[in-house]
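Below, each chain spelled out in residue letters.
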Amino acid sequence: MRSVWSILLLLFCLPAYANKQPKAIEWIMVDFAPYYIMHDKYEGTGRDESVIKLLEKALPEVSFKRTLLPASRAVHELSNPQNNYCMLSLYQSEHRKQHIQFTEHSSTVGLSPSIAIRKELATKLKLDSTKPVSLKSLLAENLALGSL
């Protein structure tokens, strides 16, 4: 009989306890500038970081947590029903929409298209870092795109 009363007490108390739990949002962060800047003098000033900080100011009753994940794990962890994460600036694809709920309206300013190479390779190619480089001319003269 004591166990029945204990179970009934739990059933009545848990909803009240759950309603008193502080609201929290756990954000996934990835080390990818300009969305998140993890190092140097601009640390913490990434675009998505700034949006999260604005939301944090606007919602003082909500606890904000941050989890740094490798970009390769972010979508997997966001899709995992055992987790309760949020993430900004995630590209919407039909495959991702099967597992992740996106906002109805999205607006993001993306990165300008550019290509990055290691400085050692740029030095070997004798590229002048002060001048623009044409990908077309690099491919025609020095490089091959893809693998063998």
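Report on the accompanying structure. This is a predicted model, so every value here is computed, not measured.

Structural notes on the environment of Y35
Here Y35 shows up in the loop between β1 (23–29) and α2 (47–58). With 16 residues separating them along the chain, Y35 and V51 place their C-alpha atoms 9.7 Å apart.

Thoughts on the nonpolar core
If you look at soluble globular proteins, the nonpolar side chains tend to sit buried side by side. Counting 18 residues, the largest nonpolar core has I28, Y36, I52 and L78 as the members making the most contacts within it. Elements with a contribution of two residues or more to this core: β1, β2 (62–68) and α3 (71–79). Looking at this core element by element, the count peaks at three residues for β1. Once residues within four sequence positions are removed from consideration, L78 is found in contact with I28, Y85, C86, M87, L90 and I100.

A closer look at the pairing of β2
Relative to β2, β1 runs parallel, the two sharing seven bridges. Looking across to β2, one finds that W27 is bridged to R66. A crossover connection joins β1 to the parallel β2 through α2; in handedness this β-α-β unit is right-handed.

Quick notes on the pattern of salt bridges
Oppositely charged side chains can form a pair if their charged atoms are brought close together. Using the criterion set out here, one finds six salt bridges in the structure. Two residues, R47 and D48, come together in a salt bridge whose shortest N-O distance is 3.3 Å. Overall, R47 belongs to the partly exposed group, its relative accessible area being 27%. You can call D48 buried: its relative accessible area is 2%. Among the salt bridges present, the one from E56 reaches R66, with a minimum N-O distance of 2.8 Å. Taken together, the positions of E56 in helix α2 and R66 in strand β2 put the pair ten residues apart, joining distant regions of the chain.

Some points on the side chain of T67
The topology assignment puts T67 in strand β2. Within the structure, T67 has its side chain in polar contact with the side chain of E26 (distance 2.4 Å). Discounting residues that sit within four places of it in the chain, T67 has contacts with E26, W27, I28, M29 and Y85.

Parameters and conventions
- Residues numbered from 1 in each chain as written.
- Predicted model: local features only at pLDDT ≥ 70, side-chain atom pairs only at ≥ 80, totals over all residues.
- Heavy atoms only, no water.
- Helix = DSSP H or I, 4+ residues; strand = E, 2+ residues; numbered from the N terminus.
- Core = buried A, V, L, I, M, F, W, Y, C linked by side-chain atoms within 4.5 Å.
- Buried < 20%, exposed > 50% of the residue type's maximum accessible area, 1.4 Å probe, protein only.
- Contact = heavy atoms within 4.5 Å.
- Pairing = 2+ DSSP bridges.
- Right-handed = clockwise from strand over helix to strand, strands pointing away.
- Salt bridge = Lys/Arg side-chain N within 4 Å of Asp/Glu carboxyl O.
- Polar contact = N/O pair within 3.5 Å; in protein donor to acceptor, adjacent residues only side chain to side chain.

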